[in-house]
Amino acid sequence: MTWLDLPADTLFGLDNLPYGVFSTAGDPQRRRLGVAIGGQVLDAGAAARAVGSPDPLLEAATLDPLLAAGRPAWTRVREALTRWLTEPAFRPVIEPCLLPRADVTLHLPFTVGDYVDFYASEHHASNLGRLFRPGSEPLTPNWKHLPIGYHGRSGTVVVSGTPVVRPNGQRKAPADAAPTFGPSRRLDIEAEVGFVVGAGSELGTPVPMADFAEHVFGVCLVNDWSARDIQAWEYVPLGPFLGKSFATSVSPWVVPLDALAAARVAPPARDVEPLPYLDDRDTKEPWGLDLALEVRVNGTLISRPPFAGMYWTAAQMLAHMTVNGASVRPGDLFASGTVSGPERGTEGALIELTWNGERPAQLADGSGRAFLEDGDAVTITATAPGPNGTRIGFGEVTGRILPAR
Ligand code: MN
């Protein structure tokens, strides 16, 4: 129970409590840590002060100190927030710390450390293999033995709402004799799920799958904007580079791992036996997650990618990312790779959804989209099962395309 008047179907109920960083119009320079609840945001630092137990972890202008503090602190803070929002005795001091969510500006909630992007959907990897390497096996020989990834550019990770300038670069279609330079003509999205590392690990020591929840703080949504023409020409042999690094958008709310207990599901059966450090078949609770994504272009729903079908789990990604002894640090972000399901209308990228532009997506205004046009706005949302039939919301990651400069 709560003393708050929450709509029964809110996606930001007491079981969610995602963390973000906000400022207000009256005090735009001061960034504060907030927790979304219903249509409001709780000023977490002010709330701790109001109950007489100020907390340095909640006074920061970013989530960084809370991330670094580790699992015991995450549990303690979440329990305190839940108590303040439920026990009627706290109402008089906590209520003044609530602001309408519509009135605040949300910021990038943590300092992004290293950024890694995986490629964990078998359907996406197969589709891209067919489109980028027609005539060869869609999946590369390593695909079912390890979660493939690459290191991206953390400095260009931006918060939802930040405009995305169409990138310039070298483009060369297979039939062209030579590359040309100019604005990307095949600007695309990748609907992904991001995992935010809290507690770091020691250099030289891998993080086993069993320690996933000790290191990962929470989950956000990611749009890995992709210039397919730049990507196709540059990616052999070292992988994605300028076709991806111009911008990666993340949602402003980080949903704590603790909020996703009811969303955990068994990952799909693997048809290749994983090596022991990736073998979760006997694990009681592997980290499959039943997140339902939705992708909208200019308001038209064009796809519903299902995260539950991802071949590799986030725990396997973290285990693989550190198996060579590479360490993780607070604020590291790793994304799942494009979430695509097996059916039409579940693809997480336009290149798959429109099959290289051959079957454009129909928008509500009657226009079709093979790839993104200047002025287009893309919004990705997601929900997950919460306790007792409720739903947990992730908010949204959105971005509008500006013309090339
Ligand atoms: Mn990606």
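Quick notes on the rules
Residues numbered from 1 in each chain as written. Predicted model: local features only at pLDDT ≥ 70, side-chain atom pairs only at ≥ 80, totals over all residues. Heavy atoms only, no water. Helix = DSSP H or I, 4+ residues; strand = E, 2+ residues; numbered from the N terminus. Rg over C-alpha atoms; globule rule 2.2 N^0.38 Å. Buried < 20%, exposed > 50% of the residue type's maximum accessible area, 1.4 Å probe, protein only. Contact = heavy atoms within 4.5 Å. Areas by Shrake-Rupley, 256 points an atom, 1.4 Å probe, with all protein chains shown as cover. Lys, Arg positive; Asp, Glu negative; His and termini not counted. Charge placed at Lys NZ, Arg CZ, Asp CG, Glu CD. Donors = N, O, S within 2.8 Å, 3.2 Å for Na, K, Ca; no water. Pairing = 2+ DSSP bridges. Axes fitted to C-alpha atoms, helices over the stretch in contact; angles between N-to-C directions. Polar contact = N/O pair within 3.5 Å; in protein donor to acceptor, adjacent residues only side chain to side chain. 1 Å grid on protein atoms, 1.4 Å probe; cavity = no way out; pocket = protein on both sides within 12 Å on 5 of 7 lines; lining within 4 Å. Points joined across faces, edges and corners; volume = space filled by probe spheres on them. Nonpolar A, V, L, I, M, F, W, Y, C, P; charged D, E, K, R; others polar. Core = buried A, V, L, I, M, F, W, Y, C linked by side-chain atoms within 4.5 Å. Salt bridge = Lys/Arg side-chain N within 4 Å of Asp/Glu carboxyl O.

> Which residues make up the overall build of the protein chain, and what are the values?
For the protein chain, the count of helices and strands is 10 helices and 26 strands. For the protein chain, whose C-alpha radius of gyration is 21 Å, the value lies close to the compact-globule estimate of 22 Å for 405 residues. Taking the principal axes of its C-alpha atoms as reference, the protein chain extends roughly 70 × 50 × 35 Å. Within the protein chain, the proportion of its 405 residues that are buried is 54%. Of all intrachain contacts in the protein chain linking residues separated by at least 6 positions in sequence, the fraction that spans at least 24 positions is 73%. When the accessible surface of the protein chain is split by element, carbon and sulfur atoms take 55% of a total near 17000 Å². Counting 34 positive and 45 negative side-chain charges, the protein chain places the averaged centre of each group 4 Å from the other.

> Describe the coordination of the manganese ion, naming the residues involved and giving the relevant values.
With distances of 2.1 to 2.2 Å, the protein atoms coordinating the manganese ion are Asp 117 (OD), Glu 190 (OE), Glu 192 (OE) and Asp 224 (OD). Mapped onto the sequence, the donors of the manganese ion take the spacing D-x72-E-x1-E-x31-D. The same class applies to Glu 190 as to Glu 192, namely buried.

> Any details on the sheet that holds strand β26 (residues 391–402)? Residues and values, ideally.
On the basis of which strands lie adjacent, the open sheet formed by 5 strands has the order β9-β26-β25-β20-β21 and mixed pairing. The sheet is open, and its two edges are formed by β9 (164–165) and β21 (300–303), each paired on a single side. Relative to strand β25 (residues 377–385), strand β20 (residues 292–297) runs antiparallel, the two being bridged by 6 bridges. If you follow Glu 294 over to β25, its bridge partner there is Thr 381.

> So what's going on with the sheet that holds strand β3 (residues 40–43)? Residues and values would help.
Read across the sheet, 5 strands follow the order β4-β3-β2-β1-β5 without closing on themselves; strand pairing throughout is antiparallel. The sheet terminates laterally at β4 (98–100) and β5 (104–107), the two strands that pair on one side only. Between one strand and the next, the sheet's axes are offset by a mean angle of 45°, whatever the strand orientation. Note that strand β1 (residues 19–24) and β5 share 4 bridges and pair antiparallel.

> Before we move on, could you go through the environment of Thr 2 and cite the residues and values that matter?
Along the chain, Thr 2 falls in the segment before β1. As for Thr 2 and Gly 13, which are separated by 11 residues in sequence, their C-alpha atoms are 9.8 Å apart. Contact partners of Thr 2, with chain neighbours within four places excluded, come to Leu 14, Leu 85 and Thr 86. Polar side-chain contacts of Thr 2 include one of 3.0 Å to the backbone nitrogen of Leu 4. A polar side-chain atom of Thr 2 sits 2.5 Å from the main-chain carbonyl oxygen of Leu 85.

> Tell me about empty space enclosed by the protein, residues and numbers included.
What the rule picks out here adds up to 2 cavities of 30 Å³ or more. The computed volume of the largest cavity comes to approximately 50 Å³. Across the lining of the largest cavity, the residue classes break down as 8 nonpolar, 2 polar and no charged. Taken as a whole, the second largest cavity holds about 40 Å³ of empty space. Within the lining of the second largest cavity, the residues separate by chemical class into 5 nonpolar, no polar and 3 charged.

> Residues and numbers for the environment of Ala 60, please.
Assignment of secondary structure puts Ala 60 in the loop between α2 (56–59) and α3 (64–69). Once the C-alpha coordinates of Ala 60 and Arg 83 are considered, the two residues, 23 residues apart in sequence, prove to be 21 Å apart. Discounting chain neighbours no more than four positions away, the residues touching Ala 60 are Arg 31, Arg 32, Leu 33 and Pro 65.

> Tell me about the nonpolar core, and name the residues and values.
In this structure, Phe 195, Phe 212, Phe 334 and Phe 394 are the most contacted members of the largest nonpolar core, which totals 60 residues. For this core, the elements supplying multiple residues, two or more each, are β6 (115–118), β13 (191–197), β14 (216–223), β20, α9 (314–322), α10 (350–353), β25 and β26. With 6 residues, α9 is the single largest residue contributor to this core. With sequence-adjacent residues up to four places away left out, Phe 334 is seen in contact with Val 116, Phe 118, Val 193, Gly 194, Phe 195, Val 197, Phe 212, Val 216, Ala 314, Met 317, Leu 318 and Met 321. Listed in part, the 40 residues of the second largest apolar core include Leu 42, Phe 110, Val 196 and Phe 217.

> Could you give an account of the pattern of salt bridges, naming the residues involved and the relevant values?
Pairs may arise between side chains of opposite charge once their charged atoms sit close together. Under the definition given, this model contains 23 salt bridges. A salt bridge links Arg 264 to Glu 285; the shortest N-O distance between them is 3.8 Å. One end of the pair, Arg 264, is in strand β18 (residues 264–265); the other, Glu 285, is in the loop between β18 and β19 (288–289), and 21 residues separate them in sequence. According to the relative accessible area criterion, Arg 264 is partly exposed, its value standing at 23%. The residue Asp 279 makes a salt bridge to Arg 281 at a minimum N-O spacing of 2.9 Å. Given a relative accessible area of 22%, Asp 279 falls into the partly exposed group. For Arg 281, a relative accessible area of 44% translates into the label partly exposed. In this structure, a network of salt bridges that share partners links the residues Asp 188, Glu 190, Asp 224, Arg 228 and Lys 244.

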